[in-house]
Amino acid sequence: MINTGVNKELNMSAVIEKNSGKKRFNLSPYLYIGPHLILFAIFFLFPTLYGIYISFTNWDLIGDPEFVGLANYKEILFNHESTFYDQLHNGLGNTFKFVLFTVPACIIVPLLLAAGLNTRPKGLKFFQALFYMPTLFSVSAVMIVFSMLFSVSFGPINHFLNVETNWLSTQPYAWITLVVVTIWWSIGANMIIYQAALNGISRDLYEAASIDGASSIQKFFRITLPSIRAQILYTVVITTIAQFNVYGQPLMLTKGGPTSSTSVLLMYIQQNAFGSGISIAGIGSAMAVILGLCIMVVSAIQFFFLRQRD
Amino acid sequence: MGKKRVTKFVSLIFLLFMAIIWIVPLLYTVTSSFKSEDDIQSSAFTILPIHWVIGNYQDVLFENTSAPVAKWFMNSLIISVSQTVLVLAIVSLAGFGYSRMKFKGRNAIFLFLMATMMFPAVVNLIPLYKIIDSLGWVNNYLAAIVPGTAGVFNIFLVRQFMQGIPKDFDESARVDGASDFQIFSKLILPLIRPVLTVVALFTFTASWNDFLWPSIVFNDVEKMPITPGLQLLQGMYALDVAHALTGALVAIVPTFILYLFTQKYFMESLSLSSGVKG
């Protein structure tokens, strides 16, 4: 269906092109890459550069941005009196905590699942489909489900554990819940990547190791892990970037609480720029630039360390 | 051999244990959506409903004017389908350009695009809103459709796939007098169907599940897609398990069905996208 629509349009252009003669300035490559380049420039490149620029202004999203130099950065990084200082430090701190808590689990759990599936158990397809499925669901749908599951008074978790734990609004339970939910929701893709990688390791390696008397654990660390290092690197970097952009889980599950202990930076950025009241887009942008820098630096460090072992 | 059996047994136990954790939230959602709220409050934890009801669906889909789920669902469908079609057209054209056309600066442009992928998207959020606002697209489907088409990763995938198609194919077609457009549409497009399927599936699900961006550009309850809509729904049904879960379930049905029919492609695509990087 989709293809025929495209074909028709292009065939028409083909006719037009033919009629317009052969050798001339060759415009046609730009007809192919042009549509994307224009969209890219308007909706990615320009706003990204402009986002950096307005972090140096006092923009309110409506009027003209007025250049204020490093004032926003000074305010959020060093002015202890400012609420924005608190927001940045609390939000960035919580974002880093979230990354630290979830990334190792989002690597190890799917790796274990993939290793389990690699023994080709009965029901392989079913297991695979089940563990992968939550990645297809939106964060808001999943958070509704888990907010009910973990509810103090009518949640089945408390009922079956026979406790009265306030999972969503006391610590450390709020963090535990966020981490568990994130693992449940997002390990599917990594698992599939590891499955494919494990599949590609030659069985001979393991058999030779067995003959040499290697234990399963030795085999895992000496054969399995080195063989899938490229995929580990890829998933660590991608997963870390994804977790730095955490927003929906704390927003809908813990509402950033208790007492802002799970408020992440993206929540503050959203509030400052688009929340009720006058927009403080300049400050929001400065926060976004700092978050972006953190993501880039951390990815670079990971890349450096995981690549070096050659 | 005995050792192998033990490994197999242990991993099966582990998988079954994990499967229970994964299945409980899903089962809980499905069964709760068929329970009446009274049943949930009085005999909350029977697995199957005592009385099966479909009233929750009626209420959630059509009755609640401040959380019009059926409307949201249609909005989401329009947005996700349009974005998918648009991305397919843009991406296959661009992929052809970078893979098959010769022009000045081709590799430089392509490398530049690839490099921008490393740039965190969060920085462009605020100015992007301003652009959408000045185009008059706030509360318009276009706000959710168009910005997503600027992405680079899909072009990379498609170009990579096209590089695997022997150039001799094009050459012989060219000798037969075919134009670039003909080579593109008659020869290359049919051959890149597998990678286009992958792009389509990912674009559709990503578009359907997008949360932060549409929650910024839609504030009209009638116009918004379902994923940000659920946040309103959650507030409305904070103490009403049956209705809240019914809403969530409605929202996940399309991607679930899509997955059922195209599982194979989802699996292949993931190894495809990680493989080229690895």
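Being a predicted model, the structure only gives us computed values, none of them experimental.

As for the overall build of chain A
Assigned secondary structure in chain A consists of 15 helices and zero strands. In terms of C-alpha radius of gyration, chain A reaches 25 Å, well past the compact-globule figure of 19 Å for 310 residues. Dimensions of chain A, computed from the C-alpha atoms along their principal axes, are close to 70 × 65 × 45 Å. Split into buried and exposed, the 310 residues of chain A put 53% on the buried side. Taking all contacts inside chain A whose residues are at least 6 apart in sequence as the whole, residues at least 24 apart take part in 66%. As displayed, chain A offers around 14,700 Å² of accessible surface, 66% of which is attributable to carbon and sulfur atoms.

Here we look at the overall build of chain B
Secondary structure summary: chain B contains 14 helices and zero strands in total. Taken over C-alpha atoms, the radius of gyration comes to 24 Å for chain B, far larger than the 19 Å a tight globule of 278 residues would show. When its C-alpha atoms are laid out on the principal axes, chain B stretches across 75 × 70 × 35 Å. For chain B, with 278 residues in total, the buried portion stands at 52%. Expressed as a percentage of contacts within chain B between residues at least 6 apart in sequence, the contacts between residues at least 24 apart total 71%. Summing over all exposed atoms, chain B offers an accessible surface of approximately 12,400 Å²; the carbon and sulfur share of this is 68%. Once the 19 positive and 16 negative side-chain charges of chain B are each reduced to a mean point, those two points are 18 Å apart.

Notes on the interface of chain A and chain B
Contact residues are listed per partner, giving 102 residues for chain A and 101 residues for chain B. The contact between chain A and chain B buries some 9,000 Å² in all, and 78% of this surface belongs to carbon and sulfur atoms. For the pair chain A and chain B, the interface holds zero salt bridges. Remark: the boundary between chain A and chain B carries 15 residue pairs in polar contact (both at pLDDT 80 or more).

A look at the packing of helix α5 (residues 124–132) of chain A against helix α9 (residues 188–199) of chain A
Residue and element names in this part refer to chain A. α9 packs onto α5 with a crossing angle of 140° between their chain directions and a minimal axis gap of 8 Å. Classified by the angle their axes make, α5 and α9 are oblique. Contacts between α5 and α9 involve Leu124, Gln128, Phe131 and Tyr132 from the former and Gly188, Ala189, Met191, Ile192 and Gln195 from the latter. Classifying every residue of the contact of α5 with α9 gives six nonpolar, three polar and no charged.

Examining the packing of aromatic side chains
Applying the stated rule across the entire model yields 34 aromatic pairs over all chains. With a centroid separation of 5.8 Å and 75° between ring planes, the pair formed by A:Tyr32 and B:Phe184 is classed as edge-to-face. Within this pair, whereas A:Tyr32 is found in helix α2 (residues 28–54), its partner B:Phe184 is found in helix α10 (residues 180–191), the two belonging to separate chains. Residue classification places A:Tyr32 among the buried residues on the basis of a relative accessible area of 0%. Aromatic rings pair up to connect A:Phe46, A:Tyr50, A:Tyr53, A:Phe56, A:Trp59, A:Phe67 and A:Tyr73 into one cluster. Note that B:Arg159 overlies the ring of B:Phe110, its terminal NZ or CZ placed 4.2 Å from the centroid.

Things to note about helix α3 (residues 55–63) of chain B
Residue and element names in this part refer to chain B. Of all the positions in α3, only Asn56, Tyr57 and Val60 are classed as buried. The arc that holds every buried residue of α3, seen down its axis, measures 100°, which confines them to one face. Opposite the buried face of α3, by more than 90 degrees, sit the exposed residues Phe62 and Glu63.

As for the environment of A:Leu253
All names here are of chain A. With respect to the secondary-structure elements, Leu253 resides in helix α13 (residues 248–254). Separated by 111 residues in sequence, Leu253 and Val142 place their C-alpha atoms 9.7 Å apart. The contact partners of Leu253, leaving out residues within four places of it in the chain, are Met143, Phe146, Ser147, Leu168, Thr177, Leu178, Val181 and Gly248.

About the criteria used
- One numbering rule holds for all chains: residues counted from 1, following each sequence as written.
- Chain labels run from A onward and ligand labels from 1 onward, assigned in the order the entries are written.
- In view of the model being predicted, local features appear only for residues whose pLDDT reaches at least 70, and side-chain atom pairs are presented and counted only at 80 or more, with totals across whole chains, interfaces and linings using the full set of residues.
- As a rule here, side-chain values come from all non-hydrogen atoms in the structure, and water together with hydrogens is ignored.
- Put simply, DSSP H or I for four residues or longer makes a helix, DSSP E for two residues or longer makes a strand, and each gets a number counted from the N terminus.
- Each radius of gyration is computed over the set of C-alpha atoms, and the globule rule expresses the reference value as 2.2 Å times the number of residues to the power 0.38.
- Relative accessibility decides the category of a residue: with a 1.4 Å probe and only protein chains considered, values under 20% of the type maximum give buried, values over 50% give exposed, and everything between is partly exposed.
- Note on definitions: a residue-residue contact is assigned when non-hydrogen atoms from the two residues lie within 4.5 Å.
- Each accessible area value is a Shrake-Rupley result obtained with a 1.4 Å probe; residue values ignore everything except the protein chains displayed when judging cover.
- Only four residue types enter the charge count, namely Lys and Arg as positive and Asp and Glu as negative; His and the chain termini do not.
- Every charge is mapped to an atom, namely NZ of Lys, CZ of Arg, CG of Asp or CD of Glu.
- Buried area is calculated as the accessible area (1.4 Å probe) missing from two parts once they are joined, with the contributions of both summed.
- Salt-bridge detection follows one rule: a side-chain nitrogen of Lys or Arg within 4 Å of a carboxyl oxygen of Asp or Glu.
- Here a polar contact means two N or O atoms within 3.5 Å. Within protein one must be a hydrogen donor candidate and the other an acceptor candidate, and residues neighboring in sequence count only if both atoms are side-chain atoms.
- Throughout, an axis means a line fitted to C-alpha atoms (over the contacting stretch in the case of helices), and angles, computed between N-to-C directions, take values from 0 to 180 degrees.
- Angle categories: roughly parallel below 35 degrees, roughly antiparallel above 145, roughly perpendicular from 65 to 115, and oblique for all the rest.
- Side-chain classes are defined by residue name, with Ala, Val, Leu, Ile, Met, Phe, Trp, Tyr, Cys and Pro counting as nonpolar, Asp, Glu, Lys and Arg as charged, and the others, Gly among them, as polar.
- Each aromatic pair joins two rings of Phe, Tyr and Trp (for Trp, the six-membered one) with centres within 6.5 Å, and gets the label stacked for planes under 30 degrees apart, edge-to-face for over 60, and tilted for any other angle.
- Put simply, a charge is over a ring when the Lys NZ or the Arg CZ is close to the ring centre, within 6 Å, and near the line of the ring normal, within 35 degrees.
- Working definition: the arc comes from the directions between the helix axis and the C-beta atoms, pointing outward to the latter.

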